[in-house]
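Chains, contacts and geometry: an overview
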Amino acid sequence: MRITHGFNALGTPHAVTIGNFDGLHLGHQAMLARLQDVARTRGLPSCVLSFEPHPREFFTPEQAPARLSSLREKAECLQQQGIDRLHVFRFDRAFSALTAEAFIEQVLGRTLQARYVLVGDDFRYGAKRAGDFALLESLGQPLGFDAEFLPTVEIAGERASSTAVRNALAAGQLEHAARLLGRPYSISGRVVHGDKLGRDIGFPTANIQLRHNRPPLMGIFAVELHGLNGAPLAGVASLGKRPTVKSPDAVPVLEVHLFDFNADIYGRRVRVSFLHKLRDEEKYPDLDSLVAQIKRDVDNAKHYLAKT
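All of the points below concern the structure found in this document. Just so it is clear, the structure is predicted and the values come from calculations on it, not from any experiment.

1. Brief notes about unusual backbone geometry
- For the bond from Glu52 to Pro53, the omega torsion is 0°, close enough to zero to count as cis.
- Its location among the elements puts Pro53 in the loop between strand 3 (46–52) and helix 2 (55–59).
- Notably, Arg242 is not glycine yet its phi reads approximately 50°, a positive angle.
- Inspection of the secondary structure puts Arg242 in the loop between strand 12 (233–240) and strand 13 (253–258).
- Residue classification places Arg242 among the buried positions, given a relative accessible area of 14%.

2. A short note on the packing of aromatic side chains
- Applying the stated rule across the entire model yields 15 aromatic pairs.
- On the basis of an interplanar angle of 65° and a centroid distance of 5.7 Å, the ring pair of Phe91 and Phe95 is categorised as edge-to-face. Like Phe95, Phe91 is buried.
- Here the aromatic cluster, defined as three or more aromatic residues joined through ring pairs, consists of Phe7, Phe51, Phe58, Phe59, Phe89, Phe91, Phe95, Phe103, Phe123 and Tyr125.

3. Some details on the pairing of strand 14 (residues 269–279)
- Pairing of strand 9 (residues 185–192) with strand 14 involves six bridges; the strand directions are antiparallel. Bridging across to strand 14, Gly189 finds its partner in Val270.
- Across seven bridges, the pairing between strand 11 (residues 219–226) and strand 14 is antiparallel. Looking across to strand 14, one finds that Leu225 is bridged to Val272.

4. A closer look at the pairing of strand 13
- Most of strand 13 is tucked away: six of the six residues are buried.
- Of the two faces of strand 13, the one lined by Val253, Glu255 and His257 and the one lined by Leu254, Val256 and Leu258 are each fully buried.
- Looking at chain direction, strand 10 (residues 206–208) and strand 13 are connected through three bridges and run antiparallel. Across the sheet, Asn207 pairs through a bridge with Glu255, a residue of strand 13.
- Looking at chain direction, strand 12 and strand 13 are connected through six bridges and run antiparallel.

5. Observations concerning helix 5 (residues 100–111)
- By the burial criterion, the buried members of helix 5 are Ala100, Ala102, Phe103, Ile104, Val107, Leu108, Gly109 and Thr111.
- Those residues of helix 5 that are buried lie in contact with strand 2 (14–18), strand 3, strand 4 (85–90), helix 4 (93–96), strand 5 (114–120) and helix 6 (133–143).
- Where helix 5 ends, the next residue or the one after it, Gln113, has phi of about 50°, a positive value.

6. Points about the sheet that holds strand 4
- Strand order across the open sheet formed by six strands is 1-4-3-2-5-6, with parallel pairing between neighbours. Every other strand in the sheet has two partners, leaving strand 1 (2–5) and strand 6 (146–150) as the edge strands with one partner each. Taking the axes of each pair of neighbouring strands and ignoring which way they run, one obtains an average angle of 25° across the sheet.
- Inspection of the sheet shows strand 3 paired to strand 4 by six bridges, in the parallel sense. Paired with Leu49 across the two strands is His87, which belongs to strand 4.
- In the packing of helix 1 (residues 26–42) onto the sheet, the strands contacted are strand 2, strand 3, strand 5 and strand 6, and the crossing angle to strand 5 comes to about 160°.
- Across the sheet, helix 5 is in contact with strand 2, strand 3, strand 4 and strand 5; its angle to strand 3 comes to roughly 135°.

Conventions we followed
- Residues numbered from 1 in each chain as written.
- Predicted model: local features only at pLDDT ≥ 70, side-chain atom pairs only at ≥ 80, totals over all residues.
- Heavy atoms only, no water.
- Helix = DSSP H or I, 4+ residues; strand = E, 2+ residues; numbered from the N terminus.
- Buried < 20%, exposed > 50% of the residue type's maximum accessible area, 1.4 Å probe, protein only.
- Phe/Tyr/Trp six-rings, centres within 6.5 Å; stacked < 30°, edge-to-face > 60°.
- Pairing = 2+ DSSP bridges.
- Contact = heavy atoms within 4.5 Å.
- Axes fitted to C-alpha atoms, helices over the stretch in contact; angles between N-to-C directions.

That's the geometry; what it means functionally is another story.
Encoded structure:
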């Protein structure tokens, strides 16, 4: 999959879909499947148009939703889905000021040379979100593309959306989030050096670098770690601020203790799949109390994973 940026014309006509695709849930996957069907029929490469940062992160950063996936994770998922190109526009003041008509002409027509454009049924674009599907359809014809919208995808009566996934993760309902995603929620990152506290207390951990300081879930989890030696490795993970040993304003940290594993994996890029929430974070009066709880967490995680 190729990744391109900005207003430079691609030079080749494309079948295009537009969105943030945060988390790539089953609704997104339905969009991609429809896009690829049309692209194959017309002999066009498939292209996902996305934005960085998320528009809500630009306009109201303090109120923006937690990210489900980083740009790199999004690209990895799109590649796994068989998309040919990811084209990213930097969402800044100039881009946000584009009128709906300019967005259609300059972005879809001139830059992406779209011949087919697929959007969700609630898609809005252009300054003040003034553009709708009717405008996209009418202005697309003279530019050489036709437009289609995909109705909402529902899973057991619930709309598949990034918001629904975030709500499920925040509530600790990981199994429900997995139903909306079509897979367990995961975070990818590189293994980096930490403060080595886990090793000192008898539970060495792999510290996974986080791209954002507001993860969509916090707590202690039964997990699987992918990316080492083929088969996934079972473990227990802590994602949070570690209140027993850190101040309340500390940045969140993802630490994974792998069962029956002892190897140097610093620098390796791995993926942590969150399978079940064991509990919320707690502040303990001393390290002995923390160690006792970690032992219980390990036992509980092993018990859960043995049943799955």
